[in-house]
Amino acid sequence: MKLIKKIRIQRFRSLGNAVIPVEEFNIYSGANNMGKSNILKALNLFFNYDTSSPYDFDKDYNKAYTESATGARSVTITIWFHKQGGAGMLAHDFSIQREFPLGAKTPITTYYSEDKELQEKIEQKNNGVFIGQFYKFLNKVHYYYVPAVRDREFTRRFLTNFESVIRQNANDANFEGKVADLSEILKKQSVNLSKDFEKFLQIPTSASLSSKIEDILGAIEINVESGIRVQSKAPKKVMLKKYVNIFSTGDGVLMSYLVYFLNYLCKDNPNQKFIWGYEEPENSLEYSKAQSLADKFYAEFMHNAQIFITTHSPAFIKLKDEKNVLLHRVYMRQKESDEGKADNRESVITTLSALEKRLSLFPDTESADYKLLERELHMIEMAKEIEVAVDKLNQERELVKQQKKEIERKLQEKNKPIIFVEDNYTQLYKVAWLKLNGTNVDTSTIDSIFDANAKFYIYPKGGCGNLRGYLNNPNMEDMRDKKIIGIFDFDEAYEDYSKLKDLWELKEGYKKRKKFDVYAMLLPIPDFRKNIASIDYGKYSKLEVELLFTDDTIKKVYGKHAYKTEKIIGDIEIPKIQNKADFWKKVIILQKPDFSEFQRLFDKIDEILNLCSTTT
């Protein structure tokens, strides 16, 4: 966001008369106690009549000017703004100056337009209408200052700004009377913010607020997953995730949440204009997280606000070469006329290009000033070298990570269970599994996507006799490390399933091969197909895998005119499946609920595979 184009700070703390060019993203780098944060505090004084603590003239007035300044003593901050479009006072670039004289309770504000005619109107006696346009503009500008030392009490107070997001979205003057609507707004805002932050932190996160109006400013609750698992009480024992309040987490989590919260606050208020003064955003973060945060500042945050940061981190300094980013080096220089007076130093703020130019033109390479400039330039170059080294290390680490992942994948595939079906075709099973697991596919990608996502392979055996012969093979020593399940249709294949006896143990709903993790099962019978398949019908049952769909679903697949039926047991009619090889291509357009009866099949497979994992 481009709002401010230049700043002039006069007689504020270590800043004597600093004129600072501005970009969308402004980075101030320098050693400790050089005056970097004073730039951000001056902006806070301009917009909020505050520094980091209540404004105190005796403390905040630049000591270097105490004796030499002529006229009334005052702190003066002037900001040049880009034109805001439209007609009136804001149609051209303009500036606003605020002067804080000694003893004054409020600043003296002066407005200037870079357009001559508009400036003449400002200078008229009855200029209230024109000045009012500047008032309205400033009321829409919000400057958020985040100091380097931000304890948990500061964080808690800062997060109460969430109320403004709620009010903006409520869009109703009767805010206090809409508790029910507010509860939904809180839920929506909290979920959206949590998802964004969770991507950065890589820990499940949730944010919520009290739905009671009187509690809004004091009841913000932000939780992150602790990594702890708690077993619930009987009868159904499950492992539950344990969340802890963010104020009970480490500083890195808490402090990095601030900037995500701030960004969310800005992007959810499109009619307002935002400026950040953020000191050392890398505080409490490990270096890789600082890198990720720096990238996030540039790729997203600066589009929602004009940003001013101080930093010591190469992760942020590296952004100096990006578009719309301006890096300043801040260092301290003794005033020439005041040698030896510690109080009479002033901050120098210079861009990298200006620093390089001054260094190249400097006449005396042995002077203290030259060595000072050389040291400052070297600090920037050193930060660049650090970032290059870290990037190389991260690339090597990522390569090792990918290699490890590939090794794990190959090991996993080696031990991946195998499902054999008696059919000649397996695609229908794959479509059903992918649909039930929320994965969309087309006819060209089904096999690759299934193999990449499913925890088992599916292969055809070309008939129930072939499947029985394979499963019943007395010599299976070469398959001892494999987990295998054979699935029979509940039709004439029931006879082959029944012949699995001497080498097998009968379990509940399936059979297990003795000494091996080899299993056999029949298709589970849906309630709506119990009239065509049962133990009593035996081999005269007629349940094939395609009939796990309802008649209405199959009719929807074929269309009214192409749908046909056939008579089986007595006068019972079932859908006639035409061209079984391509049937899966027709059902690929169906939605998850249409595959509901396949869930019982895959649940039984999961049950068997889980049994394998506990017995091997």
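The sections below set out a description of the structure shown in this document. (Residues numbered from 1 in each chain as written. Predicted model: local features only at pLDDT ≥ 70, side-chain atom pairs only at ≥ 80, totals over all residues. Heavy atoms only, no water.)

Let's talk about helix H15 (residues 464-471)
Thought 1: Buried residues of H15: Cys464, Leu467 and Leu471, and no others. Down the axis of H15, the buried side of the element spans an arc of 60 degrees, and every buried residue falls inside it.
Thought 2: Here the buried face of H15 lies against strand S15 (418-421), strand S17 (484-488), helix H16 (494-498), strand S18 (504-506), strand S19 (511-513) and strand S20 (518-522). (Buried < 20%, exposed > 50% of the residue type's maximum accessible area, 1.4 Å probe, protein only. Helix = DSSP H or I, 4+ residues; strand = E, 2+ residues; numbered from the N terminus. Arc of directions from axis to C-beta. Contact = heavy atoms within 4.5 Å.)

Remarks on the environment of valine 348
Thought 1: Following the sequence through the fold, valine 348 ends up in strand S14 (residues 345-351).
Thought 2: A residue is classified by how much of its surface remains accessible, and valine 348, at 10% relative accessible area, is buried.
Thought 3: Residues valine 348 and glycine 35, spaced 313 residues apart in sequence, show a C-alpha to C-alpha distance of 8.4 Å.

Notes on the pattern of salt bridges
Thought 1: In this structure the tally under the stated criterion is 18 salt bridges.
Thought 2: The partner of lysine 318 in a salt bridge is aspartate 295, and the shortest N-O contact between them spans 3.4 Å. Of this pair, lysine 318 sits in the loop between helix H10 (314-317) and strand S13 (325-334) while aspartate 295 is found in helix H9 (residues 287-299), placing the two residues 23 residues apart along the sequence.
Thought 3: Exposure remark for lysine 318: the relative accessible area of 26% places this residue in the partly exposed category.
Thought 4: The partner of lysine 320 in a salt bridge is aspartate 321, with the nearest N and O atoms 3.2 Å apart.
Thought 5: On the basis of relative accessibility, which here comes to 15%, the residue lysine 320 falls in the buried class. (Salt bridge = Lys/Arg side-chain N within 4 Å of Asp/Glu carboxyl O.)

Here's the deal with the nonpolar core
Thought 1: Core analysis: the largest hydrophobic core is formed by 67 residues, its most contacted members being Phe488, Phe598 and Ile605.
Thought 2: Ignoring any residue separated from it by four or fewer positions in sequence, one finds phenylalanine 598 in contact with Leu428, Ala432, Leu436, Val545, Leu548 and Phe549.
Thought 3: In this structure, Ala42, Ile131, Phe134 and Ile275 belong to the second largest nonpolar core, which totals 47 residues. (Core = buried A, V, L, I, M, F, W, Y, C linked by side-chain atoms within 4.5 Å.)

A closer look at the packing of aromatic side chains
Each aromatic ring pair is characterised by the separation of its centres together with the angle its planes make.
Thought 1: For the structure on display, the rule yields 31 aromatic pairs.
Thought 2: With a centroid separation of 5.8 Å and 20 degrees between ring planes, the pair formed by phenylalanine 47 and tyrosine 143 is classed as stacked. With phenylalanine 47 in helix H1 (residues 36-48) and tyrosine 143 in strand S7 (residues 141-146), this residue pair connects regions lying 96 residues apart in the sequence. Here the two residues phenylalanine 47 and tyrosine 143 agree in accessibility, since each one is buried.
Thought 3: Ring centres of phenylalanine 549 and phenylalanine 595 lie 5.2 Å apart, and the angle between their planes is 70 degrees; this geometry places the pair in the edge-to-face category. With phenylalanine 549 in the loop between S20 and helix H17 (551-558) and phenylalanine 595 in the loop between helix H18 (580-587) and helix H19 (598-615), this residue pair connects regions lying 46 residues apart in the sequence.
Thought 4: Through a chain of ring-to-ring contacts, three or more aromatic side chains come together here, namely Phe25, Trp276, Tyr278, Phe297, Phe301 and Phe316.
Thought 5: One Lys or Arg, lysine 461, reaches over the ring of phenylalanine 420 and ends 4.8 Å from the middle of that ring. (Phe/Tyr/Trp six-rings, centres within 6.5 Å; stacked < 30°, edge-to-face > 60°. Lys NZ or Arg CZ within 6 Å of the ring centre and 35° of its normal.)

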